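# Examination of the molecular architecture
So you can see what is in the structure, the chains are spelled out below.
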Amino acid sequence: MIDANFPQAQRFHDRLREAEPQLLQRLDQFRNAQILVVGDLTLDEFITGEVERISREAPVPIIRHESTRRVPGGGANAVYNLAKLGGQISVAGLVGHDEQGQALIQIFQEAGIDTTGIFIDRDRPTVTKTRISAHARQSVTQQVLRLDRKSDALPQPALQQHLADYIAQQASTVAAVVCSDYGDGVLTPKVIQSALNGDRTIVDTQSQLGRYQRATLFTPNLPEAELEVGYAIEGDRSLKQAGSDLLERTQAQAILITRGGDGMTLFERSGTIEQIPAFNRTDVFDVTGAGDTVVAALTLALASGASLWEAVVLGNLAASLVVRQFGTATTTIEEMKEALTQLIANC
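Note that the structure is a prediction, hence the values are computed from the model and not measured.

Turning next to the overall build of the protein. Helix and strand content of the protein: ten helices and 13 strands. Over its C-alpha trace the protein gives a radius of gyration of 21 Å, about what one expects of a compact globule, namely 20 Å for 347 residues. The principal-axis extent of the C-alpha atoms belonging to the protein is close to 65 × 50 × 40 Å. In the form shown here, the protein has an accessible surface area of approximately 16,200 Å², with 46% of it arising from carbon and sulfur atoms. Charge separation in the protein, taken as the distance between the mean sites of 31 positive and 42 negative side-chain charges, equals 1 Å.

Structural data, given as structure tokens:
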């Protein structure tokens, strides 16, 4: 449901109702969209067990293993979201010469994702975030430890060039290139330049937006936007100033600032500013990976011929579904259609 306190609520309701047939058509067209994702690929690992006793070796619990679950994280989550929404997805990135990298590649291949552009980095491990959770008998499960595997070193220059060459070859053959930059070293200047060679480049980066000059669209959240512009964004005046400053700094066609429960604000180079309210402010359980979901849905929409406003609406809709689930999550076209119909019915 859309927040009734949203200043332009009725006008937005009317516009959404009018756009419903077109939005449903865009969702049906997702399956035809060819997308290349360039990203920092992460494996998220969740290990769960029961606490048996405290160890004699150290004051730590001994946990009897019960289950291990592995899902794509970081830029890999953006890849997986795109695939689950039906797009024809290929991925470019690096994994280590290790079991975690092979596990991530297998997850992708089982989802129908083209992994030709994943190269092996023998000098750096696959970025892996292992969360160990435990419970006593008849008690809730809680996270007790997180173990990260990663390297702060950049890939070797030859490997950077190899990856950049692959991206340059593919960029002109797809409807859009997504750059999912989590700061783990894959998006070097050479790689970024190749990614910008396509007709449409969507950038999701946590910092230094200026590295992606003249990209089509950036999708910073509010803290990322504040970090980039160097001042707090509080109220409409500073929000509009931030949008203007980010457009000037990046020379992008558009900037989308995602603002959690306050919705999203789209700034276009033409001067148009669109406010999109949050579609779900009550059933929010976990926002982990929601930004990746926004990027996935809006990219597929743009690749299917949607306007920026239509694309942002569908991105917002997808995010409103995944925040109802714990951990990194995905949604489907069928779920989005049902949610859109319910949303409009409740307007």
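From this point, things continue past the structure.
With that settled, the discussion passes to the environment of V323. Following the sequence through the fold, V323 ends up in the loop between α9 (308-322) and α10 (333-345). Classification of V323 as buried rests on a relative accessible area of 8%. For the pair V323 and A33, spaced 290 residues apart in the sequence, the C-alpha separation amounts to 25 Å.

What follows deals with the pairing of strand β2 (residues 41-54). Bridge count for β2 against strand β3 (residues 61-74) is 13 bridges, and the pairing is antiparallel. Looking at β3, one finds that F46 is bridged to R69. What sits between β2 and β3 in their antiparallel hairpin is a turn of six residues. Strand direction decides the pairing type here: β2 and strand β6 (residues 127-135), joined by nine bridges, are parallel. Each residue of the ladder has a partner; that of L43, found in β6, is T128.

By size, the foremost hydrophobic cluster in this structure holds 61 residues, and its most contacted members are L16, I35, L41, F108 and M336. Among residues more than four places away in sequence, those in contact with I35 are L82, Q88, I89, S90, V174, A176, V178, T299, L300 and A303. Membership of the second largest hydrophobic core comes to 36 residues, among which are Y166, C179, I192 and A225.

The geometry of two aromatic rings is summed up by the distance between their centres and the angle between their planes. Under the criterion given, the structure shown has three aromatic pairs. An angle of 45 degrees between the planes, with centres 6.1 Å apart, marks the rings of F12 and F279 as tilted. In this pair, F12 is assigned in helix α1 (residues 9-29) and F279 in the loop between β13 (273-276) and α8 (290-303), connecting sequence segments 267 residues apart. The pair F12 / F279 is uniform in exposure class, with both members buried. For the pair F119 and Y166, a centre-to-centre distance of 5.9 Å together with 80 degrees between the ring planes defines the contact as edge-to-face.

Under the counting rule described, the total for this entry stands at 14 salt bridges. Two residues, D14 and R17, come together in a salt bridge whose shortest N-O distance is 3.2 Å. Of this pair, D14 and R17 both sit in helix α1, three residues apart, roughly one helical turn. Linking R149 and E45 is a salt bridge whose minimum nitrogen-to-oxygen distance equals 3.8 Å. Taken together, the positions of R149 in strand β7 (residues 142-149) and E45 in strand β2 put the pair 104 residues apart, joining distant regions of the chain. Look at the salt bridges and you will find they share partners, linking E45, R70, E99 and R149 into a network.

Here the focus is the sheet that holds strand β10 (residues 217-218). Adjacent strands of a sheet pair through backbone hydrogen bonds, lying either parallel or antiparallel. The strand order β5-β4-β1-β8-β9-β10-β11-β12-β13 describes an open sheet built from nine strands, whose pairing is mixed. A strand with exactly one partner marks an edge of an open sheet, and here the two such strands are β5 (114-121) and β13. Where strand β12 (residues 264-268) lies against β13, four bridges are found, and the strand directions are antiparallel. Within β13, the residue paired with M264 across the bridge is I276.

What follows covers helix α6 (residues 222-229). For α6, the set of buried residues is E224, A225, E228 and V229. In a view along the axis of α6, the buried residues occupy a sector of 125 degrees, so they form one face of it. Away from the buried face of α6 by more than 90 degrees, exposed residues P223 and L227 are located. Measuring from the backbone nitrogen of E224 back to the side-chain oxygen at the start of α6 gives 2.9 Å, which picks out N221 as the cap. Once α6 ends, the next one or two residues include G230, with phi positive near 85 degrees.

Reading guide: rules and limits
- Residues numbered from 1 in each chain as written.
- Predicted model: local features only at pLDDT ≥ 70, side-chain atom pairs only at ≥ 80, totals over all residues.
- Heavy atoms only, no water.
- Helix = DSSP H or I, 4+ residues; strand = E, 2+ residues; numbered from the N terminus.
- Rg over C-alpha atoms; globule rule 2.2 N^0.38 Å.
- Areas by Shrake-Rupley, 256 points an atom, 1.4 Å probe, with all protein chains shown as cover.
- Lys, Arg positive; Asp, Glu negative; His and termini not counted.
- Charge placed at Lys NZ, Arg CZ, Asp CG, Glu CD.
- Buried < 20%, exposed > 50% of the residue type's maximum accessible area, 1.4 Å probe, protein only.
- Pairing = 2+ DSSP bridges.
- Core = buried A, V, L, I, M, F, W, Y, C linked by side-chain atoms within 4.5 Å.
- Contact = heavy atoms within 4.5 Å.
- Phe/Tyr/Trp six-rings, centres within 6.5 Å; stacked < 30°, edge-to-face > 60°.
- Salt bridge = Lys/Arg side-chain N within 4 Å of Asp/Glu carboxyl O.
- Arc of directions from axis to C-beta.
- Polar contact = N/O pair within 3.5 Å; in protein donor to acceptor, adjacent residues only side chain to side chain.

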